[in-house]
Amino acid sequence: LAQNWIGFLMVFMFVLPYYGIARAEDKELVRRYGASFETYVEGKPMFFPRWTDLSSVVKLVWSGS
(Lines give C-alpha, C1' and ligand atoms only; values in the text may rest on other atoms or scores of the structure.)
Protein backbone atom coordinates (compact mmCIF):
# COMPACT_ATOMS: atom_id res chain seq x y z
CA LEU A 1 0.00 0.00 0.00
CA ALA A 2 2.87 2.39 0.65
CA GLN A 3 3.94 2.33 -2.99
CA ASN A 4 0.47 2.53 -4.49
CA TRP A 5 -1.64 5.56 -3.54
CA ILE A 6 -4.72 4.09 -5.18
CA GLY A 7 -4.48 1.02 -2.96
CA PHE A 8 -4.06 3.26 0.07
CA LEU A 9 -7.14 5.23 -0.96
CA MET A 10 -9.14 2.03 -1.48
CA VAL A 11 -8.48 0.99 2.12
CA PHE A 12 -10.19 4.13 3.35
CA MET A 13 -13.02 3.71 0.87
CA PHE A 14 -13.85 0.33 2.41
CA VAL A 15 -12.87 0.75 6.07
CA LEU A 16 -14.65 4.01 6.86
CA PRO A 17 -18.07 2.96 5.54
CA TYR A 18 -17.72 -0.40 7.29
CA TYR A 19 -17.11 1.42 10.59
CA GLY A 20 -20.27 3.48 10.02
CA ILE A 21 -22.29 0.38 9.24
CA ALA A 22 -21.03 -1.34 12.38
CA ARG A 23 -21.98 1.66 14.54
CA ALA A 24 -25.48 1.79 13.01
CA GLU A 25 -25.89 -1.95 13.55
CA ASP A 26 -24.88 -1.56 17.21
CA LYS A 27 -27.48 1.17 17.69
CA GLU A 28 -30.18 -1.03 16.14
CA LEU A 29 -29.24 -3.99 18.33
CA VAL A 30 -29.29 -1.79 21.44
CA ARG A 31 -32.76 -0.65 20.43
CA ARG A 32 -33.90 -4.27 19.98
CA TYR A 33 -32.23 -5.94 22.95
CA GLY A 34 -31.62 -3.08 25.38
CA ALA A 35 -29.33 -3.29 28.38
CA SER A 36 -28.19 -6.86 27.79
CA PHE A 37 -26.65 -5.92 24.43
CA GLU A 38 -25.10 -2.74 25.88
CA THR A 39 -23.40 -4.89 28.52
CA TYR A 40 -22.13 -7.23 25.81
CA VAL A 41 -20.77 -4.36 23.69
CA GLU A 42 -18.93 -2.84 26.64
CA GLY A 43 -17.07 -6.11 27.20
CA LYS A 44 -16.04 -6.75 23.60
CA PRO A 45 -13.87 -4.81 21.15
CA MET A 46 -15.46 -3.70 17.87
CA PHE A 47 -13.30 -5.38 15.21
CA PHE A 48 -10.19 -7.12 16.54
CA PRO A 49 -9.74 -9.35 19.62
CA ARG A 50 -7.81 -8.08 22.60
CA TRP A 51 -4.31 -9.42 23.14
CA THR A 52 -5.52 -11.06 26.35
CA ASP A 53 -8.18 -12.98 24.37
CA LEU A 54 -5.81 -14.03 21.60
CA SER A 55 -5.29 -17.55 22.98
CA SER A 56 -9.05 -18.15 22.78
CA VAL A 57 -9.10 -16.97 19.17
CA VAL A 58 -6.20 -19.25 18.22
CA LYS A 59 -7.97 -22.18 19.92
CA LEU A 60 -11.18 -21.41 18.04
CA VAL A 61 -9.40 -21.22 14.68
CA TRP A 62 -7.30 -24.31 15.33
CA SER A 63 -9.98 -26.63 16.72
CA GLY A 64 -13.18 -25.10 15.37
CA SER A 65 -14.81 -25.02 18.80
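K.L.:
Can you help me understand the overall build of the protein in this one?
P.N.:
A tally of helices and strands in the protein yields three helices and zero strands. From first element to last, N terminus to C terminus, the protein shows the α and β order α-α-α. Whereas a compact globule of 65 residues would reach a radius of gyration of roughly 11 Å, the protein reaches 16 Å, over 25% beyond that. A principal-axis box enclosing the C-alpha atoms of the protein has dimensions of 45 × 35 × 20 Å.

K.L.:
I keep staring at the packing of helix α1 (residues 5–33) against helix α2 (residues 35–43) and nothing clicks. Help me out?
P.N.:
In helix packing, the relevant descriptors are the interaxial angle and the interaxial distance, both defined with respect to the helix axes. Their axes nearest at 6 Å, the elements α1 and α2 cross at an angle of 140°. When the interaxial angle is binned, α1 and α2 end up oblique. Touching Asp26, Leu29, Val30 and Tyr33 of α1 are Ala35, Ser36, Phe37 and Glu38, all from α2. Of the residues belonging to the contact of α1 with α2, the class tally is five nonpolar, one polar and two charged.

Scoring rules and cut-offs
Residues numbered from 1 in each chain as written. Predicted model: local features only at pLDDT ≥ 70, side-chain atom pairs only at ≥ 80, totals over all residues. Heavy atoms only, no water. Helix = DSSP H or I, 4+ residues; strand = E, 2+ residues; numbered from the N terminus. Rg over C-alpha atoms; globule rule 2.2 N^0.38 Å. Axes fitted to C-alpha atoms, helices over the stretch in contact; angles between N-to-C directions. Parallel < 35°, antiparallel > 145°, perpendicular 65-115°, else oblique. Contact = heavy atoms within 4.5 Å. Nonpolar A, V, L, I, M, F, W, Y, C, P; charged D, E, K, R; others polar.

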